[in-house]
Amino acid sequence: MGEWKRADPTGELPRVVTPNLLWTGGCLSIEYQGELAHGHFSTYVVRGSEKAMLVDTGHASHWSAAEKHVEDFLGDRPLDYIFPTHGEFPHGGLVAHWMKKYPNAICVGDLPEYPLYWPHLADRMRQIKVGDEIDLGDRKMVFVPAIWRDLTTLWAFETTGRVLFVSDGFAYLHYHKAGHCDFMTSEHAPPDVKLIQFFNERALRWTRYTDTRETFADLDEMLRRLNPLMIAAAHGGVIDTTAEMIPLVKDGMLMGQSGAPATIVKMPAKDKAPTTA
Amino acid sequence: MNMHDPSRPGLPASVTEICPGAIYSLGGVLPADARLAAWIPRDVRGFIPFQCYVLRDGGQFLMLDGGLPVHRDEVRAGIQALVGESHERRFMMTRRELDTIMNLPWIAHDFQFQTLYCGGDLSPIDFFEKMDDANIDAHIKTLVDTPFEFLKPGPVGKVGKLELEMLRSPLMVLPTFWFYEKTTRTLFTSDCWGFLPQPSSGGPRVRTPSNEEITGERIEKFLSVKFDWLASIDNTPLSRDLENVFDGRPVDRICPNFGCVIEGRAAVDRVVEQTLLTLQTMAKIPRSSTLAGWNYQPESPSGAGQQ
């Protein structure tokens, strides 16, 4: 331990973030205001000493690349668990692909409806809930509440590397150009808060209609308890500068500042986020 | 008038004729058990129909969504029974979620659909919508070979004498579109208002519920499953959007993806009225902590961490 050194970014995924954490998937690019902009659709693999878990199944257009990346990362080991954080296509749409490739892998998640989508795989699906843990050997995956989400979602905490997997949370679109896809937050300029807001207003629709500061107490409490070293989002770079990024991400949850047509007027400032029941 | 005619011969059990010769539901029925927890309150009893819809007239055939994979055989039998010699076959999706488009690849391939349509471009200046459209475009093109187009809200063309309009859903989690058929006054509401179970596995799948079955309490329980974000927010704009859907559009029946078809103008009016009241009620619910009941404490939260 301590000898391993993370390689510099290559500009493209995959990236081996730690010896036991692979970041793969890819970005989708679109032209926006004359510039090419990217958005991440990330997939992660946590490799414990005994078992390995995939976090989110990834975007269909990245399948062939991600399949190879995971294969290379695991070497002669199988993938044991597939964990879609929720049932949206980029997160859980490729379950059958991964289960076919790894025929002994078990799909875990808060996804009671999944047997209706893949009836032939129903006996390899396990329903899990907040508080459950899966032992990977030298580390555990602990399933924690998703504070920011759309569909029913689980976040997860990897206990040894102290990585918090946050699905649609902590997302940021970034004017990163091709060649910046595997940058961690310590390796690029802070993301534009307006683009974080843009994402949240659309991806997390409820944020348009409420004062999201009411969720900050929960976030602060979770971060206090878990004290993650890294935060791994599905739609943003891996956050390894948590102290610097969290205020930005919170700002990105505030509405009415993005330049988009806000649906309601922003609520008046409060001295303190309300304590929730 | 209740246009449902279950006695119409020649159709498989998986097909229900909603409006004679024009609108049909295709699908199967599931007991209200834990597998449905993403959509249905846990205390619901009975059987829940899951369906997609077919509109056909004048040699044109249009499917709205594709049903659940677990009902693949039922959906296939329904298409086979209804597709006939139709010369124009189109598929539109109300949402881009697994329960609406997982069957799409084999439907498009086996029944030679000419074009697939998805609602998109919610706001032309919206970066995220463009990204989301790019996302679904890449997904669909990976899954299906059939040409794929985005539709904007508004009139989306005719199916024979039927006239279909696409509407932004006021109640959604992910991008969702409702469809209104003008001549039969039918509103297709995707994942909304699927709160009416079948009393038995054999049906009926089209019901005119009593007032006691359309209560605010029932609608709130239903909305609190998938649309739980409606609680503790200022949903005045959503109520306004919902009223706008029904403004100038008389609706005689509501056709959701799951739950029985709600038949009859009076029942529809009560559903809307009770939903508007429910939105007000939900707005007043105190926000609860997402962490309630979560007691996890890591063994060494302040440790340096290992790789």
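Conventions we followed
- Residues numbered from 1 in each chain as written.
- Chains lettered and ligands numbered in written order.
- Predicted model: local features only at pLDDT ≥ 70, side-chain atom pairs only at ≥ 80, totals over all residues.
- Helix = DSSP H or I, 4+ residues; strand = E, 2+ residues; numbered from the N terminus.
- Buried ≥ 20, exposed ≤ 12 C-beta atoms within 10 Å, placed from the backbone.
- Contact = placed C-beta atoms within 7 Å.
- pLDDT = per-residue confidence, 0-100.
- Pairing = 2+ DSSP bridges.
- Axes fitted to C-alpha atoms, helices over the stretch in contact; angles between N-to-C directions.
- Core = buried A, V, L, I, M, F, W, Y, C linked by C-beta atoms within 7 Å.
- Parallel < 35°, antiparallel > 145°, perpendicular 65-115°, else oblique.
- Left-handed = near helix turned anticlockwise from the far one by under 90°.
- Nonpolar A, V, L, I, M, F, W, Y, C, P; charged D, E, K, R; others polar.
- Arc of directions from axis to C-beta.

A. Spotlight on the overall build of chain A. Along its length, chain A carries seven helices and twelve strands. Relative to its 277 residues, chain A shows a buried fraction of 53%. Considering only contacts within chain A whose residues lie at least 6 apart along the sequence, 62% involve residues at least 24 apart.

B. Up close: the overall build of chain B. The helix and strand inventory of chain B stands at seven helices and 14 strands. Nonlocal contacts in chain B, meaning residues at least 24 apart in sequence, comprise 68% of its contacts between residues at least 6 apart.

C. Fine view of the confidence of the model for chain A. For chain A, mean pLDDT is 86; residues scoring 70 or higher make up 86% of the total. Considering only residues more than four positions removed or in separate chains, one finds that residues 256-277 of chain A, a stretch of pLDDT under 50, has 38 contacts.

D. The pairing of strand E10 (residues 154-158) of chain A, seen in detail. Residue and element names in this part refer to chain A. Where burial is concerned, most of E10 is hidden: five out of the five residues are buried. Neither face of E10 is left uncovered, since the one carrying Leu154, Ala156 and Glu158 and the one carrying Trp155 and Phe157 both have all their residues buried. Inspection of the sheet shows strand E9 (residues 140-145) paired to E10 by five bridges, in the antiparallel sense. Bridge pairing in E10 places valine 142 opposite phenylalanine 157.

E. Broad picture of the sheet that holds strand E7 (residues 148-151) of chain B. Residue and element names in this part refer to chain B. Read from one edge to the other, the open sheet built from seven strands follows the order E1-E2-E3-E4-E5-E6-E7, with strand pairing classed as mixed. Each edge of the open sheet is held by one strand with a lone partner, namely strand E1 (15-19) and E7. Along the sheet, successive strands turn relative to each other by an average axial angle of 25°, direction set aside. Note that E1 and strand E2 (residues 23-31) share four bridges and pair antiparallel. By the bridge assignment for E2, glutamate 17 is matched with tyrosine 24. Relative to the sheet, helix H1 (residues 72-83) contacts E1, E2, strand E3 (47-57) and strand E4 (60-64), its axis offset from that of E2 by approximately 165°.

F. Representation of the sheet that holds strand E11 (residues 186-190) of chain B in the model. All names here are of chain B. As summarised here, the arrangement of the seven strands in space is E8-E9-E10-E11-E13-E14-E12, forming an open sheet in which the pairing is mixed. Each edge of the open sheet carries a strand with a single partner, namely strand E8 (154-159) and strand E12 (206-207). Here E12 runs beside strand E14 (residues 261-263); their pairing, made up of two bridges, is parallel. Paired with valine 206 across the strands is valine 261, a residue of E14. Each of strand E13 (253-256) and E14 touches helix H7 (residues 265-283); the most contacted strand, E14, lies at about 115° to it.

G. Quick peek at the confidence of the model for chain B. Residue and element names in this part refer to chain B. Chain-level statistics for chain B give a pLDDT mean of 89 and a share of 89% at 70 or above. Under a pLDDT of 50 for its full length, residues 1-6 has, in the predicted model, 13 contacts with residues more than four places off or in other chains. Note on residues 122-128: pLDDT is under 50 here. Beyond four places in sequence and across chains, it has 13 contacts.

H. Expanded view of the nonpolar core. Within the largest apolar cluster, 157 residues are counted, with the highest numbers of intra-cluster contacts made by A:Met53, A:Leu54, A:Ile82 and A:Ala156. Not counting chain neighbours up to four residues away, the residues in contact with A:Ile82 comprise A:Leu54, A:Thr57, A:Val95, A:Trp98, A:Met99, A:Ala105 and A:Cys107.

I. Structural context of the packing of helix H6 (residues 236-246) of chain B against H7(B). Residues and elements named next belong to chain B. Viewed as axis vectors pointing N to C, H6 and H7 meet at an angle of 170°, and their least axial separation amounts to 10 Å. Comparing their axes, H7 and H6 come out roughly antiparallel. Residues Leu238, Ser239, Leu242 and Phe246 of H6 touch H7, and the partners they reach there are Val272, Thr275, Leu276 and Leu279.

J. Structural view of the environment of B:Trp294. Relative to the helices and strands, B:Trp294 is located in the segment after H7. When near neighbours in sequence (up to four residues on either side) are disregarded, B:Trp294 contacts A:Val130, A:Gly131, A:Val144 and A:Pro145.

K. Up close: the packing of helix H5 (residues 216-226) of chain B against H7(B). Residue and element names in this part refer to chain B. One way to put it is that H5 packs onto H7 with a least axis distance of 9 Å and a crossing angle of 65°. Relative to H7, the crossing made by H5 is right-handed. Here Gly216, Ile219, Glu220 and Leu223 of H5 lie close against H7, whose contacting residues are Gln274, Thr275, Leu277, Thr278, Thr281 and Met282. Partitioned by chemical class, the residues of the contact of H5 with H7 number four nonpolar, five polar and one charged.

L. Summary view of the environment of B:Ala283. All names here are of chain B. The topology assignment puts alanine 283 in helix H7. Between the C-alpha atoms of alanine 283 and glutamine 51, which are 232 residues apart in sequence, the distance is 31 Å. Discounting chain neighbours no more than four positions away, the residues touching alanine 283 are Ile233, Asp234 and Asn235.

M. How the structure looks around helix H6 (residues 216-226) of chain A. Residues and elements named next belong to chain A. Looking only at H6, the buried set comprises Asp218, Leu219, Met222 and Leu226. Axial view of H6: buried residues confined to an arc of 100°, hence all on one face. Against the buried residues of H6 lie E9, E10 and strand E11 (163-165). Immediately downstream of H6, the backbone of asparagine 227 shows phi near 50°, a positive value.

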